[in-house]
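The residues making up each chain are set out below.
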Amino acid sequence: MATQTGITIDGPNKPEPLQQHSGLLINEWPAIIGSDCAAVVIAVGPDCQKLSPGDYVYGCAPLGQNRFTPFQETFLVEEKVFLKKSPNLSIEETCTIGVGILTAGLCLLGGAELELSEDGTKAPAKDEWIVVLGGTGSVGQFAIAHVCGYKVLASCSPSKESIAQVAKENGAIATFNSRGSVEEQLADIKKITGGNFARIVDSTAYGYEIMVKALETCSTATTKYLMSVDDWSEFKTPPTIKEYRAELGHLCRLDEALGIEVTKDIARWIPTFETHLATGTIKPTQYQVADGMGWETVIQGIQDLEDGKALKKIVARVQKE
Ligand SMILES: NC(=O)c1ccc[n+]([C@@H]2O[C@H](COP(=O)([O-])OP(=O)(O)OC[C@H]3O[C@@H](n4cnc5c(N)ncnc54)[C@H](OP(=O)(O)O)[C@@H]3O)[C@@H](O)[C@H]2O)c1
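Predicted model, so just to flag it, every value in this text is computed and none were measured.

**Here we look at the overall build of the protein**
And then number 1: Along its length, the protein carries nine helices and 13 strands.
And then number 2: Relative to the compact-globule value of 20 Å for 321 residues, the protein shows a C-alpha radius of gyration of 19 Å, a close match.
And then number 3: On the principal axes, the C-alpha backbone points of the protein span a range of 55 × 40 × 35 Å.
And then number 4: By the burial criterion, 56% of the 321 residues in the protein qualify as buried.
And then number 5: Within the protein, counting contacts between residues at least 6 apart in sequence, those at least 24 apart form 66% of the total.
And then number 6: Distance between charge centres in the protein, computed from 29 positive and 41 negative side chains, equals 5 Å.

The structure is reproduced here in structure tokens:
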């Protein structure tokens, strides 16, 4: 069991507003919502092997199960799928990591079959591109493909120079305009990669058509992979392409086969993520800290996001350490 220290509140595509406004991803009423969080362990069960009271932990709470959800003072943590804080990370930084890294992990380790080194070092550079649609979002910023040695080509909005800079700081060596026409984006992918890519990941949920067309018309690979955060639309992926959808919402749903598989995969990757976050090869994402402390700060942060007043993730402190 853990007590809450910080919560991340995020934009309109995120689980909390979706749960609050639509009731989706909720299994119990009345519902307690929340996903990204940081907390201090206050008690452990007899079978716990990793955590002890006083440990700082963070991660993505399993959605829709009240006993695990973090918009409450104490909640249960499944130790196999939470991360233990390393000294190089602040509590605020840890609040920004869970959902993004786990979803990026599902796409890139689960779907694209990449492998992170176990010792927290970057793999030697490969002469192969990987295309990341949305290199500046919470999911797209996690530089797993770069750390696995791939040359990363990321798409991003053309609106601000600083946006492309975020993708580059996270390992992209080239960027292209995600708001161009499909033909323009395909031309950019072909020109920059020369067709030397087999994997394309959509971390925006806007990119399915581009993924299929890029793999069919630009890639010279024999085995091709597309990975998507979109687990709700109907896809008709050609049989020549391996398709994978991230299904983080099934984390810790151990009464279903998909939930068992997602939970097992994530539990296997957690020690590697902890090592890479401790060595700094993988870094937290951008955020801003809300003024004040307590649950009123969380309510105000949600309001600010819904009113379009926040440009980045908001981290809210709910109590003193
Ligand atoms: N299936 C799962 O397990 C799972 C898990 C987590 C998240 N998700 C979904 O993944 C998506 C991204 O989540 P996130 O947390 O990374 O969101 P985010 O931080 O808000 O990032 C959104 C991304 O989408 C891009 N984007 C926005 N509008 C676009 C458009 N019209 N065309 C192309 N790109 C556009 C943004 O690019 P710019 O910043 O350059 O504008 C940014 O890269 C959401 O839909 C979320 O619901 C799914």
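After presenting the structure, the write-up continues.
**Considerations on the nonpolar core**
And then number 1: Formed by 60 residues in total, the largest nonpolar core has its most connected members in Leu102, Leu108, Leu114, Ile144, Ile266, Phe273 and Leu277.
And then number 2: For this core, the elements supplying multiple residues, two or more each, are β2 (36-41), β3 (56-60), α3 (98-111), β6 (129-133), α4 (144-147), β7 (151-156), β10 (224-228) and α8 (257-279).
And then number 3: A per-element tally of this core places α3 first, with eight residues.
And then number 4: The contacts of isoleucine 266, once residues within four sequence positions are left out, are Val81, Leu102, Leu106, Leu248 and Leu251.
And then number 5: Grouped together as the second largest cluster of nonpolar side chains are 19 residues, Leu133, Leu153, Met211 and Ile241 included.

**Quick look at the pairing of β2**
And then number 1: A large share of β2 lies buried, amounting to six of its six residues.
And then number 2: Covered by surrounding structure in β2 are Asp36, Ala38 and Val40 together with Cys37, Ala39 and Val41, the residues of both alternating faces.
And then number 3: Here strand β1 (residues 2-9) runs beside β2; their pairing, made up of five bridges, is antiparallel. Looking at β2, one finds that isoleucine 7 is bridged to cysteine 37.

**A look at the sheet that holds β6**
And then number 1: Spatially, the six strands line up as an open sheet ordered β8-β7-β6-β9-β10-β11, and their pairing is parallel. Here the strands that pair on one side only, and so sit at the sheet edges, are β8 (172-177) and β11 (241-245). Direction aside, neighbouring strands of the sheet carry axes that sit 20° apart on average.
And then number 2: Of the pairings in the sheet, the one linking β6 to β7 comprises five bridges and is parallel in character. Residue pairing in the sheet places isoleucine 130 in a bridge with valine 152 of β7.

**Side note on the environment of glycine 120**
And then number 1: Within the secondary structure, glycine 120 sits in the loop between α3 and β6.
And then number 2: A sequence separation of 139 residues divides glycine 120 from glycine 259, and the C-alpha atoms of the two residues are 28 Å apart.
And then number 3: Leaving out residues up to four positions away in the same chain, glycine 120 has contacts with Thr275, His276, Thr279 and Thr281.

**Section: the domain arrangement of the protein**
In many reports, interface size means the accessible area that the parts give up when they come together.
And then number 1: Looking at the protein, the domain boundaries give domain 1 (2-97 + 284-317) and domain 2 (101-250).
And then number 2: For domain 1 versus domain 2, the separation of C-alpha centres amounts to 27 Å.
And then number 3: At the junction of the two partners, domain 1 supplies nine residues and domain 2 supplies eight residues.
And then number 4: Between domain 1 and domain 2 lies a buried interface of about 810 Å² when both sides are counted; carbon and sulfur atoms form 63% of it.
And then number 5: For the interface between domain 1 and domain 2, the tally reads zero salt bridges.
And then number 6: Inspection of the domain 1/domain 2 interface yields two residue pairs in polar contact (both at pLDDT 80 or more).
And then number 7: Class assignment for the residues of the side of domain 1 that touches domain 2 results in three nonpolar, three polar and three charged.

So, how was this worked out
Residues numbered from 1 in each chain as written. Predicted model: local features only at pLDDT ≥ 70, side-chain atom pairs only at ≥ 80, totals over all residues. Heavy atoms only, no water. Helix = DSSP H or I, 4+ residues; strand = E, 2+ residues; numbered from the N terminus. Rg over C-alpha atoms; globule rule 2.2 N^0.38 Å. Buried < 20%, exposed > 50% of the residue type's maximum accessible area, 1.4 Å probe, protein only. Contact = heavy atoms within 4.5 Å. Lys, Arg positive; Asp, Glu negative; His and termini not counted. Charge placed at Lys NZ, Arg CZ, Asp CG, Glu CD. Core = buried A, V, L, I, M, F, W, Y, C linked by side-chain atoms within 4.5 Å. Pairing = 2+ DSSP bridges. Axes fitted to C-alpha atoms, helices over the stretch in contact; angles between N-to-C directions. Domains from an automatic or database assignment. Buried area = accessible area lost by both parts, 1.4 Å probe. Salt bridge = Lys/Arg side-chain N within 4 Å of Asp/Glu carboxyl O. Polar contact = N/O pair within 3.5 Å; in protein donor to acceptor, adjacent residues only side chain to side chain. Nonpolar A, V, L, I, M, F, W, Y, C, P; charged D, E, K, R; others polar.

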